[in-house]
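The lines below spell out each chain.
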Amino acid sequence: GNSLEWLDFGIYGYSESEISEQLFGGSSAIGWATFGLGFAFRPVGAYVLGRLSDEKSRKLSFITAMLSMATSTALMSLIPAVCGEPGVTVDSYCVPNLLAAAIPAVFLRCVQGFSAGAAAGGVNVIQSELWSTTERKGAIAQSVGVQNVSGGFASMVSAAVVLGLREAMGTTRYAAWGWRIAFLIVVPPSLFASYLMHRSTPESNDYAKRDGHVEGEDDCVEGSPILGVADRKYETMPNDQLLDAQSCGGGGVEDGASGDRHGKNGSESMTPIWLLISVLIFSVFAIVAFNNLNVYLVDFVQTDYGVSANMSTLMVIVGKGVQVLMTPFAAFTADIKGWYWTSAFGGALCTVLAVPMMAAGVIGGVPVVWIFVSFLLPIVSTFWITNAPLLATSVFSVERRSQGTSMVLAMSAAMAGFFPLLMDFIPNIYVKGAVLAVVAAFGTIGILWIRNRAKSGKVIIYQRPELY
């Protein structure tokens, strides 16, 4: 499901110039704005389907999202071009005015975003809950890292599909029909994945709840429906004592909740939920912005450094391959050293890398662009990206985890979806790099802030608190 989501967004991003030419009168600004709208609608889907997930079924919500994504992707490929526009070569399959093509395209991207808003959070919640139980908790970051592998692999495959079809069909025929074929390729796997999900995946929240109560231990009960702290007699303990007291022989409360509901000085010392979520959203936004940067870089290295479309796409394919290969190492490091340290380390490296990466062509031409885009960026960003979902799933109790996680990831993605458009409006490459550096720096600071609040008992961590 995660792969299918990024296949669709990747194909759109890598084919943005052709899609804009056919459906938006050649306006790159409208093309990127429509791309951003897909992300902007994610919070709506996160709220609606996330609530369905928490109140009814994790599986039902996720399958609904996947089927909705498959439908909107299929319909996107059927939108006719605008007659008479430069680059439109098929007069037999076109509409006479811009709005007749643009409105359906915008609507379907919004539907796609609505569905992806639930799918992105839902899949990470399911993975984290299935692998945060007592007998499996040593591999929680590795299990969520699977999503980074699948997402990176999907981005790599989508770039390869676009490159392959361009080479096979030629640029003119790809602009007319090729991107439509690329969208249709996504549909059959979506249907098959929905079937597999229905047949073989358990309800993960049942695992989390069952693991929260260790039979024969009266002091451990299932998580509170509000904050997930199990027993009031532990409420005034510091984090380290609370973790020991609530472990119940290794099981833990809910997923091993740690934190002091009232902190050391009473309830007023707890971090306001709006502040916690705001900082979390910005930190995850920074991570998602770097994860999606490859989509923008395809266009950037063409316009700023004169690299061909196929060459820039190949750079991204190699880069995503490196990211996939790096993910197991980053996830294994997080399971041993902690996902807080691993994620903060990646964010710090991305901050340092931002300006040199955007100025790589000036520094050393196309070979240096290759080094930064295809190797350095994916290597350092993997440490940041791999552990981003756990930053969200770990601060919500099981009763609210799906909706809460989906909303955080969706709001972050909504902001990140417009990031390529923002970068496109900045004319100076050094200013582009500076903006990236500031975003990465503040995202990393946000992670450090949440960790320090958790250590002082002012934020509750529900999943593997010892790794935070």
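Please refer to the structure placed before this passage.
All of these numbers come straight from a predicted model, not from anything done at the bench.

Conventions and cut-offs
Residues numbered from 1 in each chain as written. Predicted model: local features only at pLDDT ≥ 70, side-chain atom pairs only at ≥ 80, totals over all residues. Heavy atoms only, no water. Helix = DSSP H or I, 4+ residues; strand = E, 2+ residues; numbered from the N terminus. Buried < 20%, exposed > 50% of the residue type's maximum accessible area, 1.4 Å probe, protein only. Contact = heavy atoms within 4.5 Å. Phe/Tyr/Trp six-rings, centres within 6.5 Å; stacked < 30°, edge-to-face > 60°. Lys NZ or Arg CZ within 6 Å of the ring centre and 35° of its normal. Patch = residues over 30% accessible without salt bridge, like charges linked within 9 Å, V, L, I, M, F, W, Y side chains within 5 Å. Areas by Shrake-Rupley, 256 points an atom, 1.4 Å probe, with all protein chains shown as cover. Salt bridge = Lys/Arg side-chain N within 4 Å of Asp/Glu carboxyl O. Disulfide = S-S within 2.5 Å. Axes fitted to C-alpha atoms, helices over the stretch in contact; angles between N-to-C directions. Left-handed = near helix turned anticlockwise from the far one by under 90°. Nonpolar A, V, L, I, M, F, W, Y, C, P; charged D, E, K, R; others polar. Polar contact = N/O pair within 3.5 Å; in protein donor to acceptor, adjacent residues only side chain to side chain. Parallel < 35°, antiparallel > 145°, perpendicular 65-115°, else oblique. Expected span 1.5 Å × (residues − 1).

Engineer: In this structure, what is going on with the overall build of the protein? I would like to understand it.
Structural biologist: Secondary structure assignment for the protein yields 19 helices and two strands. Each of the 468 residues in the protein was classed as buried or not, and the buried ones make up 59%. Across the protein, contacts joining residues at least 24 apart in sequence account for 80% of those joining residues at least 6 apart.

Engineer: Got a minute to help me understand the environment of V157 in this structure?
Structural biologist: Relative to the helices and strands, V157 resides in helix α7 (residues 140-169). A residue is classified by how much of its surface remains accessible, and V157, at 27% relative accessible area, is partly exposed. Distance in space between the C-alpha atoms of V157 and I317 is 7.5 Å, their sequence separation being 160 residues.

Engineer: Sorry if this is basic, but what is going on with the packing of aromatic side chains here?
Structural biologist: Scanning the model with the defined rule gives 14 aromatic pairs in all. A ring pair is formed by Y12 and F35, whose centres lie 5.7 Å apart and whose planes are at 25 degrees; its orientation type is stacked. Remark: F35 occurs in helix α3 (residues 28-40) and Y12 occurs in helix α1 (residues 2-14); sequence separation between them is 23 residues. Residue class for Y12 comes out buried when judged on its relative accessible area of 0%. Judged by relative accessible area, which is 3%, F35 ranks as buried. On the numbers, 6.0 Å between centres and 90 degrees between planes, the contact of W179 with F183 is edge-to-face. With W179 and F183 both in helix α8 (residues 171-200), this residue pair falls four residues apart, about one helical turn. Judged on exposure class, the residue W179 and its partner F183 are both buried. Following the ring pairs from residue to residue traces out a cluster consisting of F9, Y12, W32, F35 and F39. Note that R42 overlies the ring of F9, its terminal NZ or CZ placed 5.0 Å from the centroid.

Engineer: For this particular structure, what's the right way to read a nonpolar patch on the surface?
Structural biologist: A cluster of nonpolar side chains, contributed by L75, L78, Y93, W177, I181 and I185, occupies part of the molecular surface with about 530 Å² of accessible area. Counting residues per element, the nonpolar patch draws most heavily on α8, which supplies three residues. Relative to the elements of secondary structure, W177 occurs in helix α8.

Engineer: Looking at this structure, how should I read the state of the cysteines?
Structural biologist: Structurally, a disulfide amounts to a covalent bond that connects the sulfur atoms of two cysteines. Evaluation of the coordinates by the stated rule reveals one disulfide. Two residues, C83 and C94, share a disulfide whose sulfurs are 1.9 Å apart. On the sign convention where negative is left-handed, the bridge of C83 and C94, at about 95 degrees about the S-S bond, is right-handed. Here the residue C83 occupies a position in the loop between β1 (81-82) and β2 (94-95), and C94 occupies one in strand β2, the gap between them amounting to 11 residues. For C83, a relative accessible area of 28% translates into the label partly exposed.

Engineer: Help me understand the packing of α3 against helix α6 (residues 98-130) in this model?
Structural biologist: Between two packed helices, both the angle of their axes relative to each other and the distance between the axes serve to describe the pair. Following both chains from N to C, one finds α3 and α6 inclined at 35 degrees, their axes separated by 6 Å at the closest point. In this structure, α3 meets α6 at a crossing whose hand is right-handed. Here α3 contributes T34, L37 and G38 to the contact with α6, which in turn contributes A105, V106, R109, C110 and G113. Among the residues forming the contact of α3 with α6, the class breakdown is four nonpolar, three polar and one charged.

Engineer: So what exactly am I meant to see when it comes to the side chain of S394 here?
Structural biologist: As for its placement among the helices and strands, S394 is situated in the loop between α16 (388-393) and α17 (401-417). A polar atom in the side chain of S394 sits 2.7 Å from the backbone oxygen of L390.

Engineer: Even after reading the chapter, I still don't get the packing of helix α12 (residues 293-305) against helix α15 (residues 360-385), so can you show me in this structure?
Structural biologist: Their axes nearest at 12 Å, the elements α12 and α15 cross at an angle of 165 degrees. Considering their axes alone, α12 and α15 lie roughly antiparallel with respect to each other. Note on packing geometry: the crossing formed by α12 with α15 is left-handed. Here L293, L297, V301 and Y305 of α12 come into contact with α15, specifically with A360, G361, V362, V369, V373 and L377. Grouping the constituent residues of the contact of α12 with α15 by class yields nine nonpolar, one polar and no charged.

Engineer: When you look at helix α5 (residues 58-76) in this model, what are you seeing that I'm missing?
Structural biologist: An α-helical turn contains 3.6 residues, so a residue and the one three or four places further along point in the same direction. Relative to the 27 Å expected for 19 residues at 1.5 Å per residue, α5 spans 27 Å between its end C-alpha atoms, a close match to the ideal helical length. Sitting at the head of α5, S57 places a side-chain oxygen 3.2 Å from the backbone nitrogen of K59.

Engineer: Whenever I open this one, helix α4 (residues 42-55) confuses me. Can you help?
Structural biologist: End to end, α4 covers 19 Å across 14 residues, agreeing with the expected 20 Å (1.5 Å per residue, within 8%). Here α4 has its buried residues at R42, P43, G45, A46, L49, G50, S53 and D54.

Engineer: Looking at this structure, how should I read the pattern of salt bridges?
Structural biologist: Pairs can form between side chains of opposite charge whenever their charged atoms are close. Throughout the structure, instances matching the rule amount to four salt bridges. Residues R51 and E55 are paired through a salt bridge, measuring 3.0 Å at the closest nitrogen-oxygen approach. Here R51 and its partner E55 are both found in helix α4, four residues apart, which amounts to about one turn of the helix. On the basis of relative accessible area, E55 is assigned to the exposed category, the value being 52%. Between D54 and R58 there is a salt bridge, and its shortest N-O distance comes to 2.7 Å. For the pair D54 and R58, a shared accessibility class is recorded, and that class is buried.

Purely geometric stuff here, so don't read any function into it on its own.
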